[in-house]
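Results of the structural survey
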Amino acid sequence: MEGFHWRDGELWAENVRLADLARAHGTPLYVYSRAHIEGQFRALQSALQGLQPTLFYALKANSNGAIIRLLARLGAGADVVSGGEMERAIRAGVPPSRIVFAGVGKTVEEIDAAIARDIRCFTVESEPELERLSARAARQKHRARVAIRVNPDVDPQTHVYTSTGMRENKFGVDLERAEQAFELAGSLPGVEVVGVHMHLGSPLADERPYVEALDKVMPLCRRLRARHPAFRYLDMGGGFGIPYWPRQSPFPLEALARELAPRCRDVGLEVAFEPGRFLVGNAGVLLTTVQYVKDNPFRKFVIVDAGMNDLLRPPLYDAWHEIRPVVPRDGEAIHADVVGPICESADFLGTDRQLPPVQEGDVLAVLGAGAYGMAMASNYNSRGRAAEVLVDGDRAAVVRTRETLDDLVRGECCPDWL
Ligand code: LLP
């Protein structure tokens, strides 16, 4: 289900006018659609039915507690990458038995906390981490379940910053060395090998990198099955892309299932995925208000009240987000850069855009902002982070209030010699 749609010449979230939300709550404002998230979760379950996968929601995409709770109620587990994400997941109702914990830099404190919670599985990214985890678990007379993340060296054909499964990346263990890492794990007292993990990158356009990676790790899986009695999971990570512009194709989930199902049956493993963007990306928009329309001799700028501190993806990855007035005006289109108020030339939401004519006070919606939008927001330039609203049918609730000056300075102290 599309959570956002046009009705009577206006953009709506389900049965709520975005213009009304902007008026009621101010901007910048993130707005999410419950129906869209539920629809995506069910679409994933039904397309991948043949694989019967376990789905762990990658919290990093959007860690608002209401969204985690919504997905937990639908039956999703959680893929976390920090102690903070783990606690958020638990607070939102995800049982520790449905939490997997990845990340190359887990601290002793994070490991101890996750052991105490008895989470489902650690996604271990290196040999030193295995040693540390085993030692910490053994101290607590515990055996931590582990899946070792392997690096299949497959090019995911995405932005270099979000390619994670190539030989030169910091993630996982090189496929050639993986067997030794599993051997080491088998010899350590505090860990039990239950699976193999991979995550290739994000976002991926189609199924081909997954298939290529699976074909590369299958021989390893067969050998591991024979060697480690508890070995039974294959976690293929996240990365399913979403359409960010009108004619962009959706990720071919059916093709993925068709290719993977026979291969997975062959190795006899339970499959898991860790989708983030797919579930929440197009379930969110960022609303922002036009402050000024500025004509420089060489370029026109629409200056809005949201900046790179609210949505970092355009400057960081050159990512494209559709930008539309929520109530478009008639008249001749303009050609402009849509920029924020921050003191950097990288502070843009979109460059070289064709837009309907806009005026001061108009509200624009930046689409596809539900994943890695608020999650990567900062306080740069002492800007409070935006409020967040969740829409469900014709009701809307604030799920995070706008940050105030007090929020910004909380925790700061002045030495008595100043
Ligand atoms: N699992 C692991 C181990 C991951 O590292 C990631 C994402 C995911 C799952 C979820 O990937 P997804 O299904 O959301 O594509 N900030 C970037 C994306 C970084 C993704 C990092 N890892 C962006 O805004 O595009």
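None of the values given here were measured: they were computed from a predicted structure. (Residues numbered from 1 in each chain as written. Predicted model: local features only at pLDDT ≥ 70, side-chain atom pairs only at ≥ 80, totals over all residues. Heavy atoms only, no water.)

1. Examining helix α2 (residues 34–47)
Keep this limit in mind: For helices the rule is a DSSP run of H or I covering at least 4 residues; for strands it is a run of E covering at least 2, with both sets numbered from the N terminus onward. Here, expected helix span is obtained from the residue count minus one, scaled by 1.5 Å. Classification of residues uses two cut-offs on accessible area relative to the type maximum, computed with a 1.4 Å probe and protein chains only: under 20% is buried, over 50% is exposed, and between them is partly exposed. We call two residues contacting when some pair of their heavy atoms lies within 4.5 Å. What qualifies as a polar contact is a pair of N or O atoms within 3.5 Å, subject to a donor-acceptor requirement within protein and to the restriction that residues adjacent in sequence count only when both atoms come from side chains.
Here α2 is 14 residues long and its end C-alpha atoms lie 20 Å apart, about the 20 Å a rise of 1.5 Å per residue gives. For α2, the full list of buried residues reads H36, I37, E38, Q40, F41, L44 and A47. Residues of α2 that are buried make contact with β4 (29–33), β5 (54–58), α3 (65–74), α9 (253–267) and α10 (277–280). For α2, the capping residue at the N-terminal end is S33, with a side-chain oxygen 3.4 Å from the backbone nitrogen of A35.

2. Quick look at the packing of aromatic side chains
How we decide: When the centres of two rings from Phe, Tyr and Trp lie within 6.5 Å, Trp using its six-membered ring, the rings pair. Their planes under 30 degrees apart give stacked, over 60 give edge-to-face, and anything left gives tilted. A ring is scored as having a charge over it whenever the NZ atom of a lysine or the CZ atom of an arginine sits within 6 Å of its centre and within 35 degrees of its normal.
Per the counting criterion, the structure on display carries 8 aromatic pairs. Seen in terms of ring centroids, Y30 and Y32 are 6.2 Å apart; in terms of plane orientation they differ by 15°. Their pairing is stacked. Classification of Y32 as buried rests on a relative accessible area of 1%. Each ring, one from F182 and one from F231, has its centre 6.3 Å from the other, and the planes form 85°; the classification is edge-to-face. In this pair, F182 sits in helix α7 (residues 175–187) while F231 sits in the loop between α8 (208–227) and β12 (233–235), placing the two residues 49 residues apart along the sequence. Taking the relative accessible area as the measure of exposure, F231 reaches 2% and is therefore buried. Aromatic rings pair up to connect Y210, F240, F251, F273 and F278 into one cluster. A cation over a ring is seen here: R7 above W12, with NZ or CZ 4.1 Å from the ring centre. Taking the ring centre of F101 as reference, the NZ or CZ of K106 above it sits at 5.7 Å.

3. Some details on the packing of helix α5 (residues 108–117) against helix α6 (residues 127–139)
Applied cut-off: Between N-to-C directions, angles cover 0 to 180 degrees, with each direction set by a line fitted to C-alpha atoms, over the stretch in contact for helices. By the definition adopted for this analysis, an angle is roughly parallel if under 35 degrees, roughly antiparallel if over 145, roughly perpendicular if from 65 to 115, and oblique otherwise. By convention the crossing between two helices is left-handed if the near helix lies anticlockwise of the far one by an angle smaller than a right angle, and right-handed if it lies clockwise. Side-chain classes are defined by residue name, with Ala, Val, Leu, Ile, Met, Phe, Trp, Tyr, Cys and Pro counting as nonpolar, Asp, Glu, Lys and Arg as charged, and the others, Gly among them, as polar.
Interaxial distance between α5 and α6 falls to 10 Å at its minimum, and their mutual angle equals 50°. Looking at the two axes, α5 sits oblique to α6. For α5 against α6, the interelement crossing comes out right-handed. Each of V108, I111, D112 and I115 in α5 lies in contact with α6, whose residues at this interface are R132, L133, R136 and A137. Residue composition of the contact of α5 with α6, grouped by class: 5 nonpolar, no polar and 3 charged.

4. Observations regarding the confidence of the model for the chain
Do not read the fine detail of predicted coordinates wherever pLDDT is low. Here is the rule we go by: pLDDT measures how confident the predictor is about each residue, on a scale from 0 to 100.
Here the chain shows a mean pLDDT of 95. Residues at 70 or above account for 100%. The secondary structure element of the chain with the lowest average pLDDT is α9, at 90, and the one with the highest is β4, at 99.

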